[in-house]
Amino acid sequence: MLRLILVRGLAAVLGAIAVILMYGGIVLAANGGSIYYALAGVALGISASLLFVRRREGVWLYGGIICVTIAWAIAEVGFDGWSLMPRLIAWLLFGFLVASPWVRGTLQPATTTSSIRKLFSWRGMAGCLLVAIALGSAIHMTSPRRFDPRYQAGMVSFPEVRAAAGGDESGRDWPQWGGNLAGERFSPLTQITPNNVGQLELAWTAPVAATEAGKTGGLEVTPLMVNGIVYSCSGTHEIFAVDAETGKPVWHSPVLGAPGRPCRGIAYYSVPNAAGACAGRILTATGTALLVALDARTGKPCSDFGTNGKVNLLEGLSTAPEGYYRVTSAPQIVRGKVVLGGWVSDGQYWGEPSGAIRAFDAVTGKLAWAWDMGRPDRTGAPPPGESYTRATPNSWAPMSADEKLGLVYVPTGNATPDYFGAQRRSFDDKYSSSVVALDADSGRVRWSFQTTHHDVWDYDVASQPVLTDISTGGHVVPAVVQFTKRGEIFVLDRRTGTPLRPVTEKPAPQDGKVPQERLSPTQPFSDAMPSFRNPDVRESDMWGVTPLDQLWCRIRFRQARYEGPLTPPGTTASISSPGYVGGMNWGTGAVDVDHGVMVFTSGRVANYVRLIERRKADAMGVKPIGDGSKASDYGGMAAQAGTPYAADIKLFMSPLAIPCQAPPLGFISAVDLVTGKLVWSRPFGTMFGLQFGTPAIGGPIVTRAGLALIGASIDGRMQAIDIKTGKEVWHSQLRRGAFGTPITYTSPKSGRQFVVIAAGSSPQLAGNDDAVLMAFALKRR
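Procedures and definitions
- Throughout, residues of each chain are indexed from 1 in the direction in which the sequence is written.
- Predicted model: local features are reported for residues with pLDDT of at least 70 only, side-chain atom pairs are reported and counted for 80 or more only, and whole-chain, interface and lining totals are derived from all residues.
- Each side-chain value is derived from all of the structure's non-hydrogen atoms; neither hydrogens nor water enter the calculation.
- A residue's pLDDT is simply how confident the predictor is in it, with values from 0 to 100.
- Whether two residues touch is decided by their heavy atoms; if any such pair falls within 4.5 Å, the residues are in contact.
- Here, strands pair whenever DSSP counts at least two bridges between them.
- Note on conventions: DSSP H or I runs of at least 4 residues are helices, E runs of at least 2 residues are strands, and numbering of each starts at the N terminus.
- Here, axes are lines fitted to C-alpha atoms. For helices the fit covers the stretch in contact, and angles between N-to-C directions go from 0 to 180 degrees.
- By the convention adopted, Pro, Cys, Tyr, Trp, Phe, Met, Ile, Leu, Val and Ala count as nonpolar, Lys, Arg, Asp and Glu as charged, and the other residues, Gly among them, as polar.
- Here a Phe, Tyr or Trp ring, Trp counted by its six-membered ring, pairs with any other such ring whose centre lies within 6.5 Å, and the pair is stacked when the planes are under 30 degrees apart, edge-to-face when over 60, and tilted otherwise.
- We call a residue buried when its accessible area falls under 20% of the maximum for its residue type, exposed when it is over 50%, and partly exposed in between, using a 1.4 Å probe and counting protein chains only.
- Any pair of N or O atoms that falls within 3.5 Å is considered a polar contact. Within protein, one atom must be able to donate a hydrogen and the other to accept it, and sequence-neighbouring residues count only if both atoms are side-chain atoms.
- Both cavities and pockets are sets of points on a 1 Å grid over the protein atoms alone; in a cavity a 1.4 Å probe fits but cannot get out, in a pocket the set is open with protein on both sides within 12 Å along at least five of seven lines, and lining residues sit with an atom within 4 Å of a point.
- Grid points are joined across faces, edges and corners, and a volume is the space filled by probe spheres set on the points.
- Any helix carries an expected span of 1.5 Å times its number of residues minus one.
- Salt bridges are counted wherever a side-chain nitrogen of Lys or Arg sits within 4 Å of a carboxyl oxygen of Asp or Glu.
- Oblique is the label for any angle not under 35 degrees, not over 145, and not in the 65 to 115 range, which are roughly parallel, roughly antiparallel and roughly perpendicular in turn.
- Crossing handedness is defined as follows: a turn of the near helix away from the far one that is anticlockwise and smaller than a right angle gives a left-handed crossing, while the clockwise case is right-handed.
- Grouping buried Ala, Val, Leu, Ile, Met, Phe, Trp, Tyr and Cys residues that are joined through side-chain atoms within 4.5 Å yields what is termed a nonpolar core.
- The disulfide criterion is simple: two cysteine sulfur atoms within 2.5 Å.

### A closer look at the confidence of the model for the protein
Phase 1: Taken as a whole, the protein shows an average pLDDT of 90; of its residues, 93% reach a score of 70 or greater.
Phase 2: Here residues 763-768 is modelled with pLDDT under 50, and outside its nearest four sequence neighbours on either side it reaches 20 contacts, counting other chains as well.

Pasting the structure below:
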């Protein structure tokens with residue numbers, strides 16, 4: 001009796017699943033999608049009914065469903081394990097239950113002929129599976145191959161040594177956020193090699209100063225090391241210093257910021273011909289809009305800088321709710337000036353604070369110049385009663401600089417609000433989502449290059465421009481390499497902004513169904529470089545843990561507009577791939593200057609976007625943040641007040657909070673900057689010990705010994721990768737995810753090479769306590 005109850009319970013569960021598959025399958029088919037789910041639902045419903053009335057034919061029919069499903073799955077995705085998983089695993093698990101002795105033992109003998117019984121015997125089912133695999137393979141092999149733009153420029157083997165140009169040749173310190181002003185993230189150190197990296201061990205840890213019962217607000221910082229001291233900051237913007245050899249505390253400052261507004265980096269400045277207090281100083285710009293100078297030896301404020309060591313960055317900006325303007329990247333120091341931009345809250349209202357770029361004297365804190373793109377002839381502070389031009393594009397990402405050329409390279413975002421641009425002015429459209437070269441002495445624009453025209457996708461240029469000298473044909477060309485959230489890599493002459501790799505203007509999708517909007521008819525594509533904009537998304541790319549959430553994702557895909565890259569947002573749902581995470585984000589890349597090869601990570605998670613008419617948004621209570629609303633300044637509901645539309649922006653996720661796209665979702669790759677070809681590319685980040693490929697936060701560094709060192713993945717691993725092959729040669733499980741960039745240096749006390757990374761997760765992704773700096777070195781002999 002109990003076995004019968006269990007069998008009928010199993011049949012009821014299968015029947016419920018069948019109803020979902022039938023209903024969802026009909027909806028999917030009605031939207032132009034696959035008919036498989038509807039047919040599978042019907043067949044499963046019949047199988048469940050037969051099992052419920054104890055008919056053995058229900059088992060046979062279920063076996064037939066598995067055979068057809070295997071053929072269909074292989075026809076769609078071949079033998080890709082991650083893609084086959086949601087299509088087959090659940091069916092097979094239930095299949096083991098259906099075919100188990102305790103189920104078959106309760107069923108009545110079949111009334112069919114002996115030939116049919118032989119067909120559904122174990123031998124017959126094995127034949128069915130072989131036929132299904134062969135048929136699916138044949139269909140898949142004859143299907144058109146999909147274009148992957150990673151390979152559009154071709155591939156090349158790892159090159160021989162070329163003329164080295166760039167990098168800090170001493171390698172002793174790590175004095176800037178990007179290793180040097182150019183942001184190359186290259187170290188000439190060779191003590192740790194691919195052959196001995198397996199002997200790395202944890203040398204020391206240093207707890208990050210914290211408040212609120214150990215909470216740090218997340219940790220995304222890249223530390224610095226100067227003169228035997230490691231400097232870093234916490235998620236609450238405490239600055240602290242530890243001994244580079246032992247990790248023992250030297251000093252720490254009070255809290256300067258607010259939790260949830262991460263400090264990603266700080267700057268070090270040595271005042272020329274100075275001695276005593278603040279001759280060496282730490283400069284940082286906080287999440288509460290303060291520019292702060294501290295004595296590098298003691299951590300005490302520099303009294304000669306601003307007012308008691310602080311400059312209020314809100315001066316000159318229009319009034320806005322607290323938190324609308326803050327600084328999220330390390331400032332850049334060039335020719336004695338501290339140059340910085342700032343984060344302006346995404347998508348809240350037209351007229352948010354200005355994105356003006358400012359430079360302050362690194363000794364006194366006095367304003368040296370300001371670039372206000374709305375008033376290009378005025379390089380000083382606005383007069384009393386006025387402010388810098390509202391709603392201009394901002395620059396929240398790290399900058400780079402060339403002391404010799406006297407240029408600061410500024411990556412800009414799009415003008416607020418992000419997803420509706422009809423109210424943007426000519427200067428907004430000229431400088432948004434660009435890399436802009438400013439004169440370091442005057443703040444005047446020397447040149448600019450736009451990576452996305454009239455950006456309505458939140459494709460801020462989030463990566464630090466990487467300045468490197470490319471040696472080719474016997475000539476050395478000063479270049480700037482700019483990664484983008486779009487996944488395009490632009491290589492420009494850093495003197496003029498002229499593309500060194502051809503850039504093609506291609507027609508862009510225009511059907512956003514927003515009558516007030518104007519869209520750019522073309523967009524720039526860097527066709528002579530590998531592109532990480534991802535292959536065009538298809539229904540068969542939809543993923544899930546089970547067939548049910550995969551079906552949900554398929555329906556959502558078919559219900560949305562998707563016209564390939566740069567599908568514009570509209571009042572009907574659209575898919576934007578890559579999404580606002582990228583592509584490439586603020587982790588940037590690292591250059592092996594000896595070989596002219598750059599290593600970097602990229603992501604594949606798409607966005608699901610819909611504009612909401614103002615009347616509906618008002619009825620929903622959508623207002624700018626700071627007003628008790630449902631709006632967010634990073635994804636979610638963006639109020640976009642003062643425009644006809646709010647925007648609902650989500651990562652394209654299933655109801656189980658899993659990306660709807662099939663893995664891999666993240667890659668680490670190497671590109672030859674001389675030939676413009678891909679050297680290697682592989683999934684980055686693991687799940688259950690397998691190469692799943694996850695989005696990365698943070699980036700790599702490279703060493704002359706041939707290693708790329710990186711944390712950045714959400715699996716919380718620190719990795720060493722052989723730059724020639726892309727293979728992992730060492731890893732260590734960290735206490736927390738490491739979402740900054742590591743550094744490497746030589747300790748002046750012992751001469752040992754250390755690798756240090758901040759492990760403390762991200763306020764967006766994970767818990768944020770127990771944050772530490774972790775230092776690795778070779779075992780002592």
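There's more to say after this.
### Looking at the sheet that holds strand 23 (residues 489-493)
Phase 1: Ordered in space as 21-22-23, the 3 strands form an open sheet in which the pairing is antiparallel. Each having just a single partner strand, strand 21 (466-472) and strand 23 make up the two edges of the open sheet. Each adjacent strand pair in this sheet contributes to an overall mean axis angle of 40°, direction not counted.
Phase 2: Of the pairings in the sheet, the one linking strand 21 to strand 22 (residues 475-483) comprises 7 bridges and is antiparallel in character. The partner of Asp469 across the bridge, within strand 22, is Pro478.

### As for the packing of helix 4 (residues 81-98) against helix 9 (residues 547-559)
Phase 1: It is the contact of helix 4 with helix 9, at a shortest axis distance of 8 Å, that shows an interaxial angle of 150°. Along the contact surface, helix 4 presents Pro86, Arg87, Ala90 and Trp91, while helix 9 presents Pro547, Gln550 and Arg554.
Phase 2: Class assignment for the residues of the contact of helix 4 with helix 9 results in 4 nonpolar, 1 polar and 2 charged.

### Side note on the packing of aromatic side chains
In this description, an aromatic ring pair is defined by two values, namely the gap between the centres and the angle between the planes.
Phase 1: Taken as a whole, this structure holds 22 aromatic pairs when the rule is applied.
Phase 2: When the centroid spacing of 3.8 Å and the interplanar angle of 5° are considered together, the rings of Tyr36 and Trp72 count as stacked. Of this pair, Tyr36 sits in helix 2 (residues 36-52) while Trp72 sits in helix 3 (residues 57-77); the two residues are 36 residues apart in sequence, bridging distant segments of the chain.
Phase 3: Assessed through its relative accessible area of 10%, Tyr36 is described here as buried.
Phase 4: The exposure class assigned to Trp72 is buried, which follows from its relative accessible area of 15%.
Phase 5: Between Tyr231 and Tyr268 the ring centres are 6.1 Å apart and the planes differ by 35°, which places this aromatic pair in the tilted class.

### Digging into the side chain of Ser577
Phase 1: With respect to the helices and strands, the residue Ser577 is situated in the loop between strand 26 (574-576) and strand 27 (589-592).
Phase 2: Once you skip the residues sitting within four places of it in the chain, Ser577 turns out to touch Tyr459, Arg533, Asn534, Val537, Pro565, Ala606 and Gln661.

### Quick word on the side chain of Asp594
Phase 1: Tracing the sequence through the fold places Asp594 in the loop between strand 27 and strand 28 (597-603).
Phase 2: Residue classification places Asp594 among the buried positions, given a relative accessible area of 9%.
Phase 3: Within the structure, the side chain of Asp594 is placed 2.6 Å from the side chain of Arg704, a separation counted as a polar contact.

### Quick look at the pairing of strand 40 (residues 743-746)
Phase 1: Every second residue of strand 40 is oriented toward a common face, with Ile743 and Tyr745 on one face and Thr744 and Thr746 on the other, all of them buried.
Phase 2: In this structure, strand 40 lies alongside strand 41 (residues 753-759), joined through 4 bridges in antiparallel fashion. Bridge pairing links Tyr745 to Phe754 in strand 41.
Phase 3: From the end of strand 40 to the start of strand 41, which pair antiparallel, there are 6 residues, and Gly751 there has a positive phi angle of about 80°.

### Let's talk about the layout of surface pockets
Phase 1: In this model, the second largest pocket occupies a volume close to 740 Å³.
Phase 2: In terms of lining, the second largest pocket is formed by 26 residues, of which the most central are Ser83, Arg146, Arg538, Asp541 and Arg604.
Phase 3: If you tally residues by element for the lining of the second largest pocket, the top one is helix 3, at 3 residues.
Phase 4: Grouping the amino acids of the lining of the second largest pocket by side-chain chemistry returns 10 nonpolar, 7 polar and 9 charged.

### Looking at helix 3
Given 3.6 residues per turn, any residue in an α-helix points the same way as the ones three and four places further on.
Phase 1: Taking 1.5 Å as the rise per residue, helix 3 with 21 residues should run 30 Å; its terminal C-alpha atoms sit 30 Å apart, in good agreement.
Phase 2: Where burial is concerned, most of helix 3 is hidden: 17 out of the 21 residues are buried.
Phase 3: Gly78 sits one or two positions beyond helix 3 and adopts a positive phi of about 70°.

### What about the pattern of salt bridges?
Phase 1: Within the structure shown, the criterion is met by 32 salt bridges.
Phase 2: A salt bridge links Asp402 to Arg494, with the shortest nitrogen-to-oxygen separation between them at 2.9 Å. Note that Asp402 is positioned in strand 17 (residues 400-402) and Arg494 in the loop between strand 23 and strand 24 (504-507), a separation of 92 residues in sequence.
Phase 3: By relative accessible area, which is 10% here, Asp402 ends up buried.
Phase 4: Residue Arg494 is classed as buried on the basis of its relative accessible area of 9%.
Phase 5: In this structure, Asp493 and Arg495 form a salt bridge, with 2.8 Å as the shortest nitrogen-oxygen distance.

### Let's talk about the packing of helix 2 against helix 3
Phase 1: Axis separation between helix 2 and helix 3 bottoms out at 7 Å; the angle between their running directions is 160°. In terms of orientation, helix 2 lies roughly antiparallel with respect to helix 3. In this structure, helix 2 meets helix 3 at a crossing whose hand is left-handed. Note on element contacts: helix 3 touches helix 2 through Glu57, Gly58, Val59, Leu61, Tyr62, Ile65, Thr69 and Trp72, opposite Tyr36, Tyr37, Ala43, Leu44, Ile46, Ser47, Leu50 and Leu51.
Phase 2: Classifying every residue of the contact of helix 2 with helix 3 by side-chain character gives 12 nonpolar, 3 polar and 1 charged.

### A closer look at the nonpolar core
Phase 1: Ranked by size, the top nonpolar core spans 54 residues in total, and within it Trp204, Tyr231, Ile239, Ile266, Leu734, Tyr745 and Leu773 carry the most contacts.
Phase 2: Counting residues per element, this core draws most heavily on strand 42 (residues 772-778), which supplies 7 residues.
Phase 3: If sequence neighbours within four positions are ignored, Ile266 has contacts with Leu224, Tyr231, Ser232, Cys233, Ile239, Ile282, Leu283, Thr284 and Ala330.
Phase 4: In terms of nonpolar packing, the next biggest core, distinct from the first, is built from 35 residues, Val466, Ala479, Met598 and Ile723 among them.

### Comments concerning the pairing of strand 20 (residues 445-450)
Phase 1: Judged from the 5 bridges that link them, strand 19 (residues 434-439) and strand 20 form a sheet pairing that is antiparallel. Across the sheet, residue Val435 finds its bridge partner in strand 20, namely Phe449.
Phase 2: In this structure, the hairpin formed by strand 19 and strand 20 is closed by a connection of 5 residues, where Gly443 is found at a positive phi of approximately 85°.

### Some points on the sheet that holds strand 26
Phase 1: Across the sheet, 4 strands lie side by side as 26-29-31-30; this open sheet has antiparallel pairing. Among the strands making up the open sheet, the edge pair consists of strand 26 and strand 30 (636-638). Recorded for the sheet is a direction-independent mean angle of 30° between the axes of neighbouring strands.

### Topic: the state of the cysteines
Phase 1: In total, this model carries 4 disulfides according to the counting rule given.
Phase 2: A sulfur-sulfur separation of 2.1 Å characterises the disulfide bridge that pairs Cys278 with Cys302. Across the disulfide from Cys278 to Cys302, rotation about the S-S bond amounts to roughly -100°, and the bridge is consequently left-handed. Taken together, the positions of Cys278 in the loop between strand 7 (267-270) and strand 8 (280-285) and Cys302 in the loop between strand 9 (290-295) and strand 10 (310-312) put the pair 24 residues apart, joining distant regions of the chain. Each of the two residues, Cys278 as well as Cys302, counts as buried.
Phase 3: Counting only the cysteines that form disulfides, in the order they appear in the protein, gives the pairing 1-2, 3-4, 5-6, 7-8.

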